[in-house]
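Secondary and tertiary structure notes
Okay, here's what each chain looks like letter by letter:
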Amino acid sequence: MTDEPRTSPVVRSAGAGDAAALAAVLGRAFHDDPLWSWLVPDDATRVRRLTGLFEVMLRRVHLPTGGTEFAGRGARTEAAALWAPPDRWRVPMRVQLTQAVPLMRAFGTRTPTSLRTLGLVEEHHPREPHWYLAVIGTDPPAQGNGLGGALLRSRLDRCDAEGVPAYLESSKERNVPYYERFGFRVTRELALPGRGAPPIWLMWRKPGQVG
């Protein structure tokens, strides 16, 4: 008996019809994330709440800017990356207003804490033009198959060709060395306010930077 041959990841640009599938993948991918676990502490409902939140983010923020990609082996959707193009990372106020109800559904009584936390992270966002990796995640059963790397290389190759930096925030310390392999460097470990709040790592990548 032989193992099923592993197919190479295929990276595709996402459209409106992909929103639900990508949100479901990201909801599962971030179930154990320290920051999202702190903001949405109920294990039983976290995946559902995050899936709803990510679908709103996709439909109202990321898909319209054209920076979202997904990857899988064959036709499967197993990983997604939500990028914001240079100078378009800040969510317009009119869009923020449309997110109020979905945010409350996702965070419940933690909504004020969540808004303060996300606001603090935004305060430290660099102003220099860059591609912003807002979210990247792989479905847990598909992790370790190179999908995240394929998504990163797809956009970072474009950054290098255009001479544009890239930026992300890592909410998992063990992911920091992984991003460093792609040329990202930690610029700050940001302590978040609130009891039990985890830190996050702000990471910047110069065009052409390698690990």
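About the cut-offs
- Residue indices follow the written sequence of each chain, beginning from 1 at its first position.
- Where local features are concerned, this predicted model is filtered to residues with pLDDT of at least 70; where side-chain atom pairs are given and counted, the filter is 80 or more; whole-chain, interface and lining totals use all residues.
- Remark: hydrogens and water are excluded; side-chain values derive from all non-hydrogen atoms of the structure.
- By the criteria applied, helices consist of DSSP H or I runs no shorter than four residues and strands consist of E runs no shorter than two, each listed in order from the N terminus.
- Radius of gyration: C-alpha atoms only; globule rule: 2.2 Å multiplied by the number of residues to the exponent 0.38.
- Partly exposed describes any residue whose relative accessible area lies between the buried limit of under 20% and the exposed limit of over 50%, with all areas from a 1.4 Å probe on protein chains only and scaled to the type maximum.
- Any two residues having at least one pair of non-hydrogen atoms within 4.5 Å are treated as being in contact.
- Calculation of accessible area relied on Shrake-Rupley with a 1.4 Å probe; when residues are assessed, cover is drawn exclusively from the protein chains displayed.
- Charge assignment in this entry is limited to Lys and Arg as positive and Asp and Glu as negative, and neither His nor the chain termini are counted.
- Charge coordinates come from a single atom per side chain, which is NZ of Lys, CZ of Arg, CG of Asp or CD of Glu.
- UniProt positions are given in the numbering used here, feature names are shortened, and annotations may be inferred rather than shown by experiment.
- The span you would expect from a helix comes to 1.5 Å times its residue count less one.
- One bridge is not enough; two strands pair if DSSP finds at least two bridges between them.
- An axis is simply a line fitted to the C-alpha atoms; with a helix, the fit covers only the stretch in contact. Between two such axes, the angle follows the N-to-C directions and lies from 0 to 180 degrees.
- What makes a nonpolar core is a set of buried Ala, Val, Leu, Ile, Met, Phe, Trp, Tyr and Cys residues whose side-chain atoms join them at distances within 4.5 Å.
- Throughout, right-handed denotes a crossover for which the path from the first strand over the helix to the second runs clockwise when the strands point away from the viewer.

1. A closer look at the overall build of the protein chain
Helix and strand content of the protein chain: 8 helices and 7 strands. A compact globule built from 211 residues would reach a C-alpha radius of gyration of about 17 Å, and the protein chain, at 17 Å, matches this within 12%. Referenced to the eigenvectors of the C-alpha coordinate spread, the extents of the protein chain come out at roughly 50 × 40 × 30 Å. Within the protein chain, buried positions represent 49% of all 211 residues. Partitioning the contacts of the protein chain with sequence separation of at least 6, the portion at a separation of at least 24 is 75%. For the protein chain, the exposed area adds up to about 10,800 Å²; of that, 53% sits on carbon and sulfur atoms. For the protein chain, the separation between the mean place of its 28 positive charges and that of its 22 negative charges on side chains is 4 Å.

2. Looking at unusual backbone geometry
For aspartate 87, which is not glycine, the phi dihedral falls at a positive 65°. Accessibility expressed as a relative area gives 57% for aspartate 87, which makes it exposed.

3. Section: the UniProt feature "domain: N-acetyltransferase" (unreviewed entry) in the protein chain
This chain's UniProt record puts "domain: N-acetyltransferase" (unreviewed entry) on residues 125–207. In the segment residues 125–207, helix accounts for 25% and strand for 30%; the C-alpha atoms at its two ends are 18 Å apart.

4. Focus: helix α7 (residues 147–162)
Taking 1.5 Å per residue as the helical rise, α7 with its 16 residues ought to reach 22 Å, and the 23 Å between its terminal C-alpha atoms agrees with that figure. Every buried residue of α7 is accounted for by Leu147, Gly148, Gly149, Ala150, Leu151, Leu152, Arg155, Leu156 and Cys159. Just downstream of α7, glycine 163 is the residue with a positive phi angle, here 70°.

5. Description of the sheet that holds strand β1 (residues 9–13)
Strand order across the open sheet formed by 7 strands is β1-β2-β3-β4-β5-β7-β6, with mixed pairing between neighbours. At either end of the open sheet lies a strand with only one pairing partner, and these are β1 and β6 (185–190). Between one strand and the next, the sheet's axes are offset by a mean angle of 25°, whatever the strand orientation. In this sheet, strand β3 (residues 79–84) lies alongside strand β2 (residues 68–73) in antiparallel orientation, the contact comprising 4 bridges. Of the residues in β3, the one forming a bridge with alanine 71 is alanine 79. The strands that helix α1 (residues 19–29) touches are β2, β3 and β4 (131–138); relative to β4, the one it contacts most, it runs at about 75°. Where helix α3 (residues 43–65) meets the sheet, its contacts fall on β2, β3 and β4, and the angle it forms with β3 comes to roughly 55°.

6. Quick look at the nonpolar core
Phe30, Trp36, Phe54, Phe107 and Leu192 are the most contacted members of the largest nonpolar core, which totals 37 residues. Where this core is concerned, the elements lending two or more residues are α1, α2 (34–39), α3, β3, α5 (100–107), α6 (111–123), β4 and β7 (200–205). With 6 residues, the single largest contributor to this core is α3. By size, the runner-up hydrophobic cluster in this structure holds 22 residues, among which are Trp83, Leu156, Leu168 and Met203.

7. Here we look at the pairing of strand β5 (residues 166–170)
Buried residues dominate β5, accounting for 5 of its 5 residues. Along β5, one buried face is formed by Ala166, Leu168 and Ser170 and the opposite face, lined by Tyr167 and Glu169, is buried too. In terms of strand pairing, β4 meets β5 through 3 bridges, oriented parallel. By the bridge assignment, tryptophan 131 is partnered in β5 with alanine 166. After leaving β4, the chain enters α7 and then returns to the sheet as β5, a path that is right-handed. Relative to β7, β5 runs antiparallel, the two being bridged by 5 bridges. Each bridged residue has a counterpart across the sheet, and for serine 170 the counterpart in β7 is tryptophan 201.

8. Examining the pairing of β2
The buried fraction of β2 amounts to 6 of the 6 residues, a majority that puts the element mostly inside the structure. What you see with β2 is no split at all: Thr68, Phe70 and Gly72 on one side and Glu69, Ala71 and Arg73 on the other are buried throughout. Linkage of β2 to β3, two consecutive antiparallel strands, is achieved through a turn of 5 residues, within which glycine 74 is found at a positive phi near 75°.

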